[in-house]
Amino acid sequence: MTRLLHSLLLGLTLGLWGAAAQAVLTIEISQGVEGALPIAVVPFGTQSPQAMPEDVSAIIAADLQRSGRFSPIAERDMLSRPTEASQVNYRDWRVLGVDNLIIGKIDVTGPDTYNIQFQLLDVLRGNQLTGMSVPATRAQLRRVAHYIADQIYEALTGERGAFNTRIAYVTATGSGKSKLYEMQVADSDGFGPLTIVRSKEPLMSPTWSPDAQKVAYVSFEKRRAEIYQQDLRTGSRTKLASFAGINGAPSWSPDGSRLAITLSRDGNPEIYVMRLGDNSLTRITQSPAIDTEPTWSPDGRSIVFTSDRAGGPQLYQVSASGGQAQRLTFEGSYNATADFSSDGKQIALVHRDASGQYRVAVYDMTTRRLQVISDGRLDESPSFAPNGRMIIYASQAGRGVLSVSSVDGRVGQRLKFQQGDVREPSWSPFLPR
Amino acid sequence: MRAAWKPLMLVCAVALATGCSSMGKKSEGDVAIEDHGMGTGTDMTQGIGVGSGTFNGMSIDDPNSPLAQRVIYFEFDSSEVRPADRDVLTNHAAYLRENPQAAIVLEGHGDERGSREYNIGLGERRAQTVRQILELQGVGPQQLSTVSYGEEKPAVDGHDESAWSQNRRVELIYPGR
């Protein structure tokens, strides 16, 4: 409490790593799961289910469902509850139309230490596709559940799962002089939020380093925009840019060596690339318009940004060393806030549709077409999961809500936070294996 | 930028009428500007009397003073200062000219729609427009600083045009007042 009071007086607390924030949350499925593969996640066996701090198999089932590619059957429909392969009667699962079965058990190996064993079984062939035994402390249980969900996802789809990843976002609570801004980092399902910066002045635009160890962001703590980077393990942070005017919209280069940023020190907002280390600057754009929101292509060769040089905001692409920019978007009068998929084939963006609603859309770099994937009124800040299969975004009209959608927009879920505004979600890269 | 220049031209016309010393030569030949702006300009010069000492008794702490009005509002996606608000700026310009030690912060803001970083850009453009108007009326550049908060500090919470119209603004902040 003393610490909290102290931080309020200071207006800003650094490195609150380890201080658990108010938890989320309920997860609501907002759309159906047509076309998803039926799967069964049997509750994992354990000596004392009541003593388990987390329901590991339920976390795995929720992850698989959130991807939109799997449809876990309800627990009450299960005819048996095996916890190891020798107990499985495959007919029990074939009659339910389930293709794949996940079973497992958890051994308590000490005070607050566990061993989690799971098997992914092919119901039709009657064999094991993958299986593993993973030790975990109490604090690691949710992360291990997400890790297991990633193994299952990869075994069944051939693509890497992105459940054991994190999101960074900004919350705003209170009003007037008691308004408080916090930058938080949570698991990809919104659980386990930790506050990394707290300020009475706005915080904005979190972006992850490619190794997922650092976050760069904009802070107005000195009553002007400045860009900082912060180490998530130690909480230590460094000021990177504090020029006259705007210091905004940081985006890390894929190799981690540079940061694309927006500066207006030369009179109006332009895109610059800052080399981390000596913090030297290269100006990328030259236009009297607003040029902002740079994002790197995954190959590091080009930068896509927002510019209103042709009237309203549209997306442009320019070489990462500067030069002539090419306009990408022509559909509609407002396209902004680009984020590349990890394969470089798609861009998520904010699009104002013909009826004036701000929605998340996906732009295909090959076909050059936009597809709207959200249905809100004021949707913003889309960010791809590192496997390119899901997009998280903020829905401003509904307070305290982040939405997660499949890339085709067919499956959506809402992460409901308890309090205040939740905004600017940024999905982390893959965590180191 | 397009929209941003129009109010500047109008102010130039006013400045021409009042013999403002900061007038640039290139505006003198611009007939279109005079045609467009003269009506408003006459109004403003009548009400204000720049340089006549009208402002000597005006206090920025007096809630009834014209200087108590310190917020300029904008249309959606626009940084154009509306005619009525040019009068407000003319009052502040006169005060700042007479009090060269005074300095103000111009805070640009936007409504919540669309991109947050683009709105930071729009807020700065609005603050810069106001800055240029004040400078053209003889306020020293060292008396003015700008900051854009974009949509991050709304004056009014709400998700409709009534809230949005109050949030698209530039606030003239006299530090400590």
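Residues numbered from 1 in each chain as written. Chains lettered and ligands numbered in written order. Predicted model: local features only at pLDDT ≥ 70, side-chain atom pairs only at ≥ 80, totals over all residues. Heavy atoms only, no water.

### Considering the overall build of chain A
Broken down by element type, chain A carries 4 helices and 32 strands. Taking all 433 residues of chain A together, 58% fall into the buried category. Relative to all contacts within chain A whose residues are 6 or more apart in sequence, the contacts with residues 24 or more apart total 44%. Looking at chain A as shown, the accessible area adds up to about 17,500 Å², and 47% of this sits on carbon and sulfur atoms. (Helix = DSSP H or I, 4+ residues; strand = E, 2+ residues; numbered from the N terminus. Buried < 20%, exposed > 50% of the residue type's maximum accessible area, 1.4 Å probe, protein only. Contact = heavy atoms within 4.5 Å. Areas by Shrake-Rupley, 256 points an atom, 1.4 Å probe, with all protein chains shown as cover.)

### What about the side chain of A:His146?
Topologically, A:His146 is positioned in helix α4 (residues 141-157). Discounting residues that sit within four places of it in the chain, A:His146 has contacts with A:Ile59, A:Asp63, A:Phe163, A:Asn164, A:Asp187 and A:Asp189.

### What to know about the packing of helix α2 (residues 56-66) of chain A against α4(A)
Describing two packed helices takes the angle between their axes plus the distance from one axis to the other. All names here are of chain A. Between α2 and α4, whose axes approach to 9 Å, the crossing angle comes to 45°. Here α2 lies oblique to α4, going by the angle between them. Classified by chirality, the crossing of α4 by α2 is right-handed. Seen from α2, the contacting residues are Val56, Ile59, Ile60, Asp63 and Leu64; seen from α4, they are Leu141, Arg142, Ala145, His146, Ile148, Ala149, Ile152 and Tyr153. Looking at side-chain class alone, the contact of α2 with α4 contains 10 nonpolar, 1 polar and 2 charged residues. (Axes fitted to C-alpha atoms, helices over the stretch in contact; angles between N-to-C directions. Parallel < 35°, antiparallel > 145°, perpendicular 65-115°, else oblique. Left-handed = near helix turned anticlockwise from the far one by under 90°. Nonpolar A, V, L, I, M, F, W, Y, C, P; charged D, E, K, R; others polar.)

### Things to note about the pairing of strand β13 (residues 214-219) of chain A
All names here are of chain A. Extensive coverage of β13 is indicated by the burial of 5 of its 6 residues. Bridging between strand β12 (residues 203-208) and β13 involves 4 bridges; their strand directions are antiparallel. Along β13, the bridge assignment pairs Trp208 with Val215. Where β13 and strand β14 (residues 226-231) come together, 6 bridges link them in antiparallel fashion. Within the sheet, the bridge partner assigned to Val215 lies in β14 and is Gln230. Connecting β13 to the antiparallel partner β14 that follows it, the hairpin turn spans 6 residues, and Arg223 within it adopts a positive phi of roughly 60°. (Pairing = 2+ DSSP bridges.)

### Section: the nonpolar core
In this structure, A:Ile60, A:Leu64, A:Ile116 and A:Leu402 are the most contacted members of the largest nonpolar core, which totals 40 residues. In terms of residue count, α4(A) provides more of this core than any other element does, 7 residues in total. Residue-level mapping places this core at the junction of two domains, with at least three residues from each of domain 1 (7-19 + 165-427) and domain 2 (33-157) of chain A. Leave out the neighbours within four places in its chain, and A:Leu64 touches A:Ile39, A:Val41, A:Arg69, A:Phe70, A:Ile102, A:Ala149, A:Ile152, A:Tyr153 and A:Phe163. Residues B:Leu67, B:Val81, B:Val130 and B:Val139 belong to the second largest nonpolar core, which totals 22 residues. (Core = buried A, V, L, I, M, F, W, Y, C linked by side-chain atoms within 4.5 Å. Domains from an automatic or database assignment.)

### What to know about the sheet that holds strand β23 (residues 326-327) of chain A
Read across the sheet, 4 strands follow the order β20-β21-β22-β23 (chain A) without closing on themselves; strand pairing throughout is antiparallel. Looking at strand neighbours, the two that pair on one side only are β20 (291-296) and β23 of chain A, the edges of this open sheet.

### A look at empty space enclosed by the protein
If you walk through the whole model with that rule in mind, you get 2 cavities of 30 Å³ or more. Approximately 70 Å³ is the volume attributed to the largest cavity. In terms of lining residues, the largest cavity is bounded by A:Tyr334, B:Phe76, B:Asp77, B:Gly110, B:Asp111, B:Arg113, B:Tyr118, B:Asn119, B:Leu122, B:Arg126 and B:Arg168. Residues that form the lining of the largest cavity fall into these classes: 4 nonpolar, 2 polar and 5 charged. (1 Å grid on protein atoms, 1.4 Å probe; cavity = no way out; pocket = protein on both sides within 12 Å on 5 of 7 lines; lining within 4 Å. Points joined across faces, edges and corners; volume = space filled by probe spheres on them.)

### Looking at the pairing of strand β30 (residues 401-406) of chain A
All names here are of chain A. Most of β30 sits inside the fold, with 6 of its 6 residues counted as buried. Of the two faces of β30, the one holding Val401, Ser403 and Ser405 and the one holding Leu402, Val404 and Ser406 are both buried throughout. Bridging between strand β29 (residues 390-395) and β30 involves 5 bridges; their strand directions are antiparallel. Pairing of Tyr393 across the sheet is with Ser403, part of β30.

### A word on helix α4 (residues 116-136) of chain B
Within an α-helix, residues lying three or four positions from one another point in the same direction, as the helix has 3.6 residues per turn. Residues and elements named next belong to chain B. Under the 1.5 Å per step criterion, the end-to-end length of α4 is 30 Å for 21 residues, consistent within 8% with the ideal 30 Å. Among the 21 residues of α4, 17 are classified as buried, and the element is accordingly described as predominantly covered. The N-terminus of α4 is capped by Ser115, whose side-chain oxygen sits 3.4 Å from the backbone nitrogen of Glu117. Taken from the residues just after α4, Gly138 is the one with a positive phi, measuring 95°. (Expected span 1.5 Å × (residues − 1). Polar contact = N/O pair within 3.5 Å; in protein donor to acceptor, adjacent residues only side chain to side chain.)

### Concerning helix α3 (residues 83-98) of chain B
Taking 1.5 Å of rise per residue, the 16 residues of α3(B) would be expected to cover 22 Å, and the 23 Å separating its terminal C-alpha atoms lies within 8% of that figure. Along α3(B), the residues that are buried comprise B:Asp85, B:Arg86, B:Val88, B:Leu89, B:Thr90, B:Asn91, B:His92, B:Ala93, B:Ala94, B:Tyr95 and B:Leu96.

### A look at the packing of aromatic side chains
Counted by the stated rule, this structure contains 8 aromatic pairs over all chains. Measuring from ring centre to ring centre gives 6.2 Å for A:Phe70 and A:Tyr153, while their planes differ by 75°; the resulting arrangement is edge-to-face. Here A:Tyr153 lies in helix α4 and A:Phe70 lies in strand β5 (residues 70-72), a separation of 83 residues in the sequence. Here A:Tyr153 falls in the buried class, since its relative accessible area comes to 2%. On the numbers, 5.6 Å between centres and 85° between planes, the contact of A:Tyr153 with A:Phe163 is edge-to-face. Separated by 10 residues along the polypeptide, A:Tyr153 in helix α4 and A:Phe163 in the loop between α4 and β9 (166-173) bring together distant segments of the chain. Across this residue pair, the class does not change: A:Tyr153 and A:Phe163 are buried. One aromatic cluster is present, formed by A:Phe70, A:Tyr153 and A:Phe163 through successive ring pairs. Taking NZ or CZ as reference, A:Arg160 lies 3.9 Å from the ring centre of A:Phe430, over its face. The ring of B:Tyr149 has B:Lys153 lying over it, and the distance from NZ or CZ to the ring centre is 4.6 Å. (Phe/Tyr/Trp six-rings, centres within 6.5 Å; stacked < 30°, edge-to-face > 60°. Lys NZ or Arg CZ within 6 Å of the ring centre and 35° of its normal.)

### Side note on the environment of A:Gln213
Residues and elements named next belong to chain A. Structurally, the position occupied by Gln213 is in the loop between β12 and β13. Once the C-alpha coordinates of Gln213 and Pro432 are considered, the two residues, 219 residues apart in sequence, prove to be 9.3 Å apart. In contact with Gln213, not counting residues within four places along its chain, are Gln230, Asp231, Leu232, Arg233 and Pro432.

### Topic: the interface of chain A and chain B
With 39 residues of chain A in contact, the opposing surface of chain B contributes 24 residues. Both faces considered, chain A and chain B share a buried interface measuring about 2,700 Å² in area, 52% of it formed by carbon and sulfur atoms. Linking chain A with chain B are 4 salt bridges, by the criterion used here. Between B:Arg116 and A:Glu380 there is a salt bridge; the shortest N-O distance is 2.7 Å. Our count for the chain A to chain B interface comes out at 12 residue pairs in polar contact (both at pLDDT 80 or more). Those elements giving two or more residues to the side of chain A that touches chain B turn out to be β12, β16 (247-252), β20, β24 (335-340) and β32 (421-427) of chain A. In terms of residues, the side of chain A that touches chain B owes the most to one element, β12(A), which gives 3 residues. Taken together, the residues of the side of chain A that touches chain B sort by class into 18 nonpolar, 11 polar and 10 charged. (Buried area = accessible area lost by both parts, 1.4 Å probe. Salt bridge = Lys/Arg side-chain N within 4 Å of Asp/Glu carboxyl O.)

Take it as geometry only, folks, not as evidence of what the structure does.
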